[in-house]
Amino acid sequence: MLPNILYDAPEEIASRLEQLGVTELALHEAIYQGHLQRTRLTPNHPRNFPGLVMWGEVVAALRDQLRPLDWIRQDVGSFPVTVNESLNLAIAVASGDEGTGNPYAHPSNRSKKGRNTVEAIEANRQMVLFEEFMQEIKDDAEGNQTWILMHHTDTSKGEIRFELSLPAEIGNDGKITSWSERIVLGSIPFDDDLTEILEPGGPDIDIEIRRKA
């Protein structure tokens, strides 16, 4: 059984984020900038466009915020991540379901993920299963440990909940089923008159699901 470590106390969150080379302020600002750009759209935009804008603007803002902390942008096909090469870490952005940001829930991604996400999660899983050999694996690995900055816009509560979490397993339906670690980062309140946020069809569109032998 893969471990599921939850961080929701302020001092624990700050300590773990420092180990990962990020700050809570940077993650908060990335989510806020995505929301801010989304609120500038009008009803004349396509219905799924706000979700696409939110995703793209969070990715861009995350890269801007983390650049002073030695993170760089990297794109693997249609799978954009922000990477810290010295720590062998990567962060992807995704929208989550209503469990996102709730320490008592079991959140998952809203939209089906493709091959690049599946392979990143499989690499995470191998690192966790063989944690005692982590240094040897890290030296030989071609990729990074991939975390997900996951956000959920709750229009009924007028807030955006978000977390930085490490996915461990993904099902054949393209939905993440378990997490090794979850860093719950609270919520951002808003008073904008937002309608339901529909999922974009663009990010990580290759939906072939396969596992390594």
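Our subject is the structure that appears above.
The following refers to the structure shown. Throughout this document, residue positions are counted from 1 along each chain, in the order its sequence is written. For a predicted model such as this one, the threshold for reporting local features is a pLDDT of at least 70, and the threshold for listing and counting side-chain atom pairs is 80 or more; totals across whole chains, interfaces and linings nevertheless cover every residue. Side-chain metrics rest on all non-hydrogen atoms present in the structure, leaving aside hydrogens and water.

## Some thoughts on the overall build of the protein
Here is the rule: Here a strand is any run of E in DSSP of at least two residues, a helix any run of H or I of at least four, and the numbering for each starts at the N terminus. Partly exposed describes any residue whose relative accessible area lies between the buried limit of under 20% and the exposed limit of over 50%, with all areas from a 1.4 Å probe on protein chains only and scaled to the type maximum. The contact rule is simple, with two residues in contact once any of their heavy atoms fall within 4.5 Å. Here, Shrake-Rupley sampling with a 1.4 Å probe gives the accessible areas, and only protein chains in the shown set may cover a residue.
Scanning the protein for helices and strands turns up five helices and seven strands. Each helix and strand of the protein, placed in order from N terminus to C terminus, yields the pattern β-α-α-α-β-β-β-α-α-β-β-β. Taking all 213 residues of the protein together, 48% fall into the buried category. Look at the contacts in the protein between residues 6 or more apart in sequence, and 67% of them connect residues 24 or more apart. On the protein, roughly 11,100 Å² of surface is accessible, and the fraction owed to carbon and sulfur atoms is 49%.

## Observations regarding the nonpolar core
What counts here: We call a set of buried residues a nonpolar core when its members are Ala, Val, Leu, Ile, Met, Phe, Trp, Tyr or Cys and they connect through side-chain atoms within 4.5 Å of each other.
In terms of nonpolar packing, the biggest core is built from 30 residues, with V22, L27, I91, L149, L164 and I183 touching the most fellow members. Looking at this core, the elements that each hand over two or more residues are α1 (10-20), α2 (24-38), α3 (49-66), β4 (89-95), β5 (145-154), β6 (159-170) and β7 (176-189). Broken down by element, this core gets its largest block of residues, seven residues, from α3. Setting aside residues no more than four positions away along its own chain, L149 makes contact with L27, I31, V58, L62, I91, A92, V93, A94, F162, E163 and L164. Core analysis: the second largest hydrophobic core is formed by seven residues, M150, I170, I176 and W179 among them.

## Some words on the pattern of salt bridges
Inclusion rule: Salt bridges, as used here, are contacts in which a Lys or Arg side-chain nitrogen is within 4 Å of a carboxyl oxygen on Asp or Glu.
Using the criterion set out here, one finds five salt bridges in the structure. Residue D154 pairs with R161 through a salt bridge whose shortest N-O separation is 3.0 Å. By relative accessible area, which is 10% here, D154 ends up buried. Judged by its relative accessible area of 8%, R161 is buried.

## Considerations on the pairing of β5
What counts, and what does not: What makes two strands pair is DSSP finding at least two bridges between them.
For β5, the tally of buried residues reaches ten of ten residues, placing the bulk of the element in the interior. Residues Q145, W147, L149, H151 and T153 line one face of β5 and the alternating positions T146, I148, M150, H152 and D154 line the opposite face, and both faces are buried. When β5 meets β6, the two strands line up antiparallel, connected through seven bridges. If you follow H152 over to β6, its bridge partner there is R161. A loop of four residues connects β5 with β6, the two strands running antiparallel in sequence, and G158 in this loop sits at a positive phi of about 65°.

## Looking at the side chain of S178
For clarity, the cut-off: By the criterion applied in these results, polar contacts are pairs of N or O atoms within 3.5 Å in which, for protein atoms, one can donate a hydrogen and the other can accept it, and in which residues neighboring in sequence qualify only through two side-chain atoms.
When you line up the elements, S178 lands in strand β7. One polar contact links S178 to E169, side chain to side chain, over a distance of 3.1 Å.

## A look at the pairing of β6
Buried residues dominate β6, accounting for eleven of its twelve residues. Of the strand pairs in this sheet, β6 and β7 are connected by ten bridges, and their pairing is antiparallel. Of the residues in β7, the one forming a bridge with L164 is I183. In sequence, β6 turns back onto β7 through a hairpin of five residues, with G174 there showing a positive phi of about 80°.

## Let's talk about the sheet that holds strand β3 (residues 79-84)
As a reminder of what qualifies: A fitted line through C-alpha atoms represents every axis, and for helices the fit uses only the stretch in contact; the resulting angles, taken between N-to-C directions, go from 0 to 180 degrees.
If you trace the seven strands from one edge of the open sheet to the other, you get β1-β7-β6-β5-β4-β3-β2, paired in mixed fashion. Lying at the two open borders of the sheet, with one neighbouring strand each, are β1 (5-7) and β2 (72-76). In this sheet, adjacent strand axes meet at a mean angle of 25° when their direction is disregarded. Sheet strands touched by α1: β1, β4, β5, β6 and β7. Its angle to β7, the strand with the most contacts, is close to 115°. Against the sheet, α2 contacts β5, β6 and β7, and its axis sits at roughly 115° relative to β6.

## Notes on unusual backbone geometry
Residue D70 is not a glycine yet carries a positive backbone phi of 75°. Phi at N88 takes a positive value of approximately 55°, unusual for a residue other than glycine. On the secondary structure map, N88 appears in the loop between β3 and β4. In this structure N88 comes out as partly exposed when scored by relative accessible area, which is 21%.

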